[in-house]
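# Structure assessment
Each chain, written out:
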Amino acid sequence: MENPKNQMLIQLSRVTKTFTVASGQFKALNDVSLAIPKGKLIAITGKSGSGKSTLLNIISGIDKPTEGSVSINGIQVEKLSESELASWRGKNVGVVFQFFQLLPTLTILENVMLPMDFCNSYPKKERKERALALLERVNIKEQADKFPATLSGGQQQRAAIARALANDPPVIIADEPTGNLDSHTATAIFELFSSLAQSGKTVIIVTHEKDFASYFEDMIAISDGRIVNELVNA
Amino acid sequence: MKTRYWKVIRDLTSDYSKNLMLVLAIALGVFGIGSILGGYAVVNREMTSNYMSTSPASLTIEVEDGISTGLLDSVRKFPGIKVAERRATVGGRMKVDDRWYPILLFVMDDFNQLTLNTFHHLSGATDPVEGAMLIERTSPSVMDAYEGDKIIIRTPNGEPQSISIVGTVHDPGLPPAWQEQAGYAYISMATLKQLGETQDFDLLRIQVSENENSREHLTKQAELLSDWLTKNGHTVHEIQIPPIGMHPHQSQMNAVLSIFTVFSFMILILGSILVATSMATLMVKQVRQIGVMKTIGGTSFQVAKLYLFMILVLCVVALAISIPLSRLVAAAFYSQIATLLNLEITDNSIPLWVPLIQISSGIVIPFIAAAVPVIRGSRISVRKALDNYGVENKNQTGSWFSLLISKFDFLSDTYRLSLRNAFRQRARLILTLGLLAAGGAMFMTALNVSEAWDKNLKRIYVQRLYDQDVKLNDRINSDSLVNRISIMDGVKVAEGWDYSATSEVKESDYEITRTYPDKGHGSFVMQALPLPTQILNPTITEGHWLNTPGSNEVVLNQMARNERTKLGDMIALTIEGKPSLWKITGFTEDVGSSATAYVSLETFSKINSTQGKVKMLRVAYHDRSRDFASVKSKELDRLLEQQQISVSSSTPVWLLHSAVAAHMKVLVNSLLAMAILMALVGTLGLMSTVSMNVLERTREIGVMRAIGATPLKIRNLIVWEGLTVGVISIVIAFAVSLLLSWYMGEFIGHISFRTPLTLTISVLAIAIWIVIILVGSYVATIFPARRANVVTTREALAYE
């Protein structure tokens, strides 16, 4: 029988992240260890300033730990250079932001094609087709040739999710993806994330939305830079 | 095309007003360089080819007793001589509108067999018969007569006679007639005789057969030939070896064009600073997008390439606009210079190296300037990029400057905040101030120099207290004539002077000058004046003015002085070809004079055995206006005519003023054009910076409005910020302009007068620049201020 630890997609081992601020050193994460398997929809919760965004940044390689190690899909992320990290992230982690962060001067279709362009991950001829397929999957294919500013918040977030899926990454992370959406749209977005997890993606979402707790298979509660619960179903 | 490059194209087109400004900034510099270098390349090539097309003589030997055909044949056979021709040049006068103007008569041996100092036939006859002449194409502007007309000419020893103009030629070796305020005509010896002159050909124009570019060899060859002439009983009066292969105005043009080239590169550098500041702010504006691109897989290198591509596009657009435009302006530029130098542009092609320099400088300089902000921006960490909300807050609180401003209670809260905002982005502030100050400094410098030039020209009147200079062909007894002139109505003072062409006697037995065939450029003259004089107010730079009549004191002007001469030195100068020894007691700074040595008339006359006689009259009028001088000079001419005194030239001082002013007209006009370009780039820079400052504080402005700031308050805040930067730049620009004006004054003064221009501060320039900056600052800030107020508070708060 295979060691369950080997099936873990994401593993954080004794991760500490310290920031230097005006008043001195501030530990945003303090000795955090974590293991998340493949195909789960996980929530990270906690108060403002508790360290949840930092945890998300560490997992996505946006930030590097001050101490400890981060392994994603077998790669020691903290050992990658900035340039290697960018390529690795483009292929392995799809990021969804609270304010969507679509590039305003590119159409929705082009926004989705951009990660494939940067990572050179699909043959050029297939990129458009794939991007359209992803937009269809998130139900905004008809908006493909529009610019982000002309779309509603919900539509923009769907486009952002399609973009996150562009390179077919095993991990999707989202930082309060529904924080800027109405509850009806938020529900639709959570359903989308749920379907992604069911299709084998590991989806990690930072959220305050307790109403959507039912969507999550597991929750990581974080406070003062420490995980204060154990993953129930990990 | 790759998806990412669509972003660049759309970024460029979506913010086209801003990008147009960047394109304009680069284009202005490239345009300036292309216009100047293009004009320069054509003028330089054409100046040399025009001048060389006349097959200029390497040297001229002035033989006092005439050159017979037999002597010419012998000279042609002399070793080392390739070509020899005989000529004569006679200074006469022509009557235009009842006034006498100088005319140079070039007497040709055979119009059909000219090989040296030739000219190009344009129209009419090629070989003027007796009583007829050809004129240089620029002469009609002074003569007010054209081909087919007749004009009254009077030579030194003859009576006024009517001569027909039968043909027109172009002589590129001569400056335009209007510039020298003299006519040029080409006549045969028969016509000269008809005009009453008895003189023979006296100029031997020579081209040597080898080493024609060595001044040393030319001097040696001239001396050998002169020795031979002397041995054979001829008297060599002067040897003229003008600078080899150089047009009379070549060195001035080179200096002037080099100034313009420097100015053009300065414009390009200023434009590039503008590009750099704009790219820096663009990168700030794009920082979140950079974060997003890096999050979705873009590497720093890929991101940097995108923005460098953006600059490349801007540069290419700028080049596409500026290169064709600069070619048009270059054409106008070289045409104007060609007119000023009497050149005929035979080949107007601008050499390939000009657009190549434009392309390389128009891409390389902006690239270098923008590389730092682009590389820094693209290397920003993803977290820092995503956390960015515009202006960074580090070092804001508690900085000494902020604390200092907080103590200025007398300032309104709004203005104090504007002051702090102006100093928030220090690096950008320094670049903006640098841009504006450089633009302002050059603007003020251009006008300062222009005003200094005018002021210096006015010194012509300050130094010359006389209004009319009359040169005579023969020496006359001075006393009775000078007395008669002195009692003329409107005459203040009249003095009788003397003069002689001179040169410093060195190792050579002969007088060797650098005089060109027009006898003006490169000449050196000795002026003998009665002491004390009432009509000269010399500017003494060293030593003292002549004060002892009968002494051997000499005062040299700056054109006659060389590095070796110093006070107390003895100097051997020729008078009518004969050497005389003088002691240098002073140096003067003359405006508008050729090389001149001033000596006592008493001593001069004694050495020359012409006591009591003079060859020059200088007359001062009560009224110095041009109109009055014109009337009086006619009366004076009539009086001299009645007295049957042969006049060689009669030049009013205003004519000299006009001639000198015309020489540097192109420089002054072009400096002003440069000044306008500078003002344009500087204002663009301010607009760019302030609008970027406002743009990146959109969110902050939203916060201010959310807590109650009225649109008027926001507008005032932004406008005051722009005005503060503008006012600081004016102070710096003024300080820098003083240094630049001093340097440019030294440079331009030296090439034109061999003396620096007086440092002049143009109040008009300061006033115009203040208005430009204040209006520019207001306009530059009012639009972003309006924009800040148009954006709703909700939008502003959500702005990323």
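The present account deals with the structure reproduced in this document. These numbers were taken from a predicted model, which means no experiment stands behind them. (Residues numbered from 1 in each chain as written. Chains lettered and ligands numbered in written order. Predicted model: local features only at pLDDT ≥ 70, side-chain atom pairs only at ≥ 80, totals over all residues.)

### Observations regarding the interface of chain A and chain B
Reports often express the size of an interface as the amount of accessible area lost when the parts come together. Selection rule: Residues are scored as being in contact if the C-beta atoms we place from backbone atoms lie within 7 Å. A run of H or I in DSSP becomes a helix once it reaches four residues, and a run of E becomes a strand once it reaches two; helices and strands are each numbered from the N terminus. Nonpolar residues are Ala, Val, Leu, Ile, Met, Phe, Trp, Tyr, Cys and Pro. Charged residues are Asp, Glu, Lys and Arg, and all others, Gly as well, are polar.
Contacts between the two partners involve 25 residues from chain A, matched on the other side by 23 residues from chain B. Secondary structure elements with two or more residues in the side of chain A that touches chain B: α2 (82-92) and α3 (108-119) of chain A. Partitioned by chemical class, the residues of the side of chain A that touches chain B number 11 nonpolar, 7 polar and 7 charged.

### A look at the sheet that holds strand β1 (residues 8-21) of chain A
Whether parallel or antiparallel, the strands of a sheet pair through hydrogen bonds between backbone atoms. Residue and element names in this part refer to chain A. Rule in force here: For two strands to be treated as a pair, DSSP must find at least two bridges joining them.
On the basis of which strands lie adjacent, the open sheet formed by 4 strands has the order β2-β1-β4-β5 and antiparallel pairing. At either end of the open sheet lies a strand with only one pairing partner, and these are β2 (24-37) and β5 (75-76). The sheet contact formed by β1 and strand β4 (residues 67-72) spans 5 bridges and is antiparallel. Across the sheet, the residue bridging to T16 is E67, located in β4.

### Describing the environment of F734(B)
All names here are of chain B. Summarising the element assignment, F734 is placed in helix α22 (residues 711-753). The spacing of F734 and A765 is 31 residues in sequence and 9.8 Å in space, taken between C-alpha atoms. Excluding anything up to four places from it in sequence, F734 contacts M444 and I766.

### Points about the packing of α3(A) against helix α5 (residues 153-164) of chain A
All names here are of chain A. Our working definition: As a rule, the C-alpha atoms of each element are fitted with a line to give its axis, helices using only the stretch in contact, and angles between N-to-C directions run from 0 to 180 degrees. Note that the term roughly parallel is reserved for angles under 35 degrees, roughly antiparallel for angles over 145, roughly perpendicular for angles of 65 to 115, and oblique for everything else. By the definition used in this description, the sense in which the near helix is turned from the far one sets the handedness, with an anticlockwise turn below a right angle giving left-handed and a clockwise turn giving right-handed.
Running from N to C, α3 and α5 cross one another at 25°; their axes reach a closest spacing of 8 Å. Considering their axes alone, α3 and α5 lie roughly parallel with respect to each other. For the element pair α3 and α5, the recorded crossing hand is right-handed. From α3, I108, N111, V112 and P115 reach across to α5, where they touch A159, A162 and R163. The residue inventory of the contact of α3 with α5, partitioned by class, reads 5 nonpolar, 1 polar and 1 charged.

### Re the nonpolar core
Using the following cut-off: The term nonpolar core means buried Ala, Val, Leu, Ile, Met, Phe, Trp, Tyr and Cys residues held together as one set by C-beta atoms within 7 Å. Between the buried cut of 20 or more and the exposed cut of 12 or fewer other C-beta atoms within 10 Å of a residue's own C-beta lies the partly exposed class, and all C-beta atoms are placed from the backbone. Domain limits in this description derive from either an automatic procedure or a database domain assignment.
Core analysis: the biggest nonpolar cluster contains 172 residues, and V112(A), M442(B) and F443(B) have the highest contact counts within it. Looking at this core, the element that brings in the most residues is helix α2 (residues 16-53) of chain B, giving 18 residues. Looking at which domains feed residues into this core, each of domain 1 (1-53 + 248-388) and domain 3 (391-462 + 661-800) of chain B supplies at least three. Aside from chain neighbours lying at most four places away, what touches M442(B) is F263(B), M266(B), M674(B), A675(B), M678(B) and L740(B).

### Focus: the pairing of strand β11 (residues 468-477) of chain B
Bridge count for β11(B) against strand β20 (residues 613-621) of chain B is 6 bridges, and the pairing is antiparallel. Paired with D469(B) across the two strands is R618(B), which belongs to β20(B).

Such coordinate-based values are descriptive only and should not be taken to indicate function.
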